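Inside the fold
One-letter residues, chain by chain:
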Amino acid sequence: ITSDVQVFTSSGTWTKPDGALSVRGVVVAPGGPGGSGPRQPSGTATSGGGGGGGGEVVTFSFAASLLAATEAVTIGTPGTPGPSIAVNSTNGTAGTNSTGASLGTKVVARGGSGGSGGNTATASGGTSGAGFVAGSGTSTSGGGGGAGGSCSASSAGGVGGAGNSSVAAGGGAGAGITAAPAGAVGGAGGSTGGATGGATGAAGGAQTASSGLPGAGGGGGS
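Residues numbered from 1 in each chain as written. Predicted model: local features only at pLDDT ≥ 70, side-chain atom pairs only at ≥ 80, totals over all residues. Heavy atoms only, no water.

Helix and strand counts for the chain stand at zero helices and eight strands. Sorting the 222 residues of the chain into buried and exposed places 42% on the buried side. Long-range contacts, defined here as pairs at least 24 residues apart, represent 68% of the contacts in the chain between residues at least 6 apart. Accessible surface for the chain amounts to roughly 10000 Å². Of this, 55% is attributable to carbon and sulfur atoms. (Helix = DSSP H or I, 4+ residues; strand = E, 2+ residues; numbered from the N terminus. Buried < 20%, exposed > 50% of the residue type's maximum accessible area, 1.4 Å probe, protein only. Contact = heavy atoms within 4.5 Å. Areas by Shrake-Rupley, 256 points an atom, 1.4 Å probe, with all protein chains shown as cover.)

According to the stated counting rule, one finds one aromatic pair in the structure shown. With centroids separated by 5.3 Å and ring planes inclined at 25 degrees, the aromatic side chains of Phe 60 and Phe 62 adopt a geometry described as stacked. (Phe/Tyr/Trp six-rings, centres within 6.5 Å; stacked < 30°, edge-to-face > 60°.)

What follows covers the environment of Phe 62. With respect to the secondary-structure elements, Phe 62 resides in strand β3 (residues 57-63). Since its relative accessible area comes to 5%, Phe 62 is described here as buried. Residues Phe 62 and Gly 25, spaced 37 residues apart in sequence, show a C-alpha to C-alpha distance of 9.5 Å.

For the chain, the mean per-residue pLDDT works out to 85, and 87% of the residues sit at or above 70. For the chain, the element scoring lowest by mean pLDDT is strand β8 (residues 136-140), at 57; strand β4 (residues 70-74) scores highest, at 97. (pLDDT = per-residue confidence, 0-100.)

Formed by 15 residues in total, the largest nonpolar core has its most connected members in Phe 60, Leu 103 and Val 107. Those elements that place two or more of their residues in this core are β2 (22-28), β3, β5 (101-103) and β6 (107-109). When residues of this core are assigned to their parent elements, the largest contribution, three residues, is made by β3. Look past the residues within four positions of Leu 103 in its chain and what remains in contact with it is Trp 14, Phe 60, Leu 67, Glu 71, Ala 72 and Val 73. (Core = buried A, V, L, I, M, F, W, Y, C linked by side-chain atoms within 4.5 Å.)

Attention now moves to unusual backbone geometry. With an omega of -5 degrees, the peptide bond running from Ala 180 to Pro 181 counts as cis. The residue Pro 181 is located in the segment after β8 in this model. Positive phi outside glycine occurs at Ser 89, with the angle close to 55 degrees. Relative to the helices and strands, Ser 89 is located in the loop between β4 and β5.

So this is what it looks like as structure tokens:
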């Protein structure tokens, strides 16, 4: 028995090896970006932008006969973070959802959603969708993004949802501002599979290249 290992870090074409009996693999989708904070008058209590949701991870194993001789491999595209607000008395903007990663039409891992924009209430964190797989396999949604820091005295950003070796973590949320006005710190990104989430305003933790493991969430801004 021999094995053929194919790793894709960019979109391309998977070719079924001659005589293949079964196919096993993992598809990891990108997490969603965070929303931006608002720009309101001093003395207005506002929430921070919500953290993005973790991307989905799909592990699969099924008969090679379910796949064509070649299958398109699509690497998901990260969404766009909510842009900084330049106009006074304007709420933050939500991040756009990330697109999914797939192997043909048989295996799809959906990207995480973007966090909502900060406002005069509480911004919510992003979520991730549920993928599908032909034959046997598991589909695990990523950790939710942290909720935006509230308008209360405890205005720290919410911590990103935790992950592990098969679930990507969510990103931390931005901090809110009280009516005092007084700020706080952004939430930490969730950790996953040994990689630590980002601290305030820091990038998410990276995994070993081609490990198939999801990265950790990024931290929210202060």
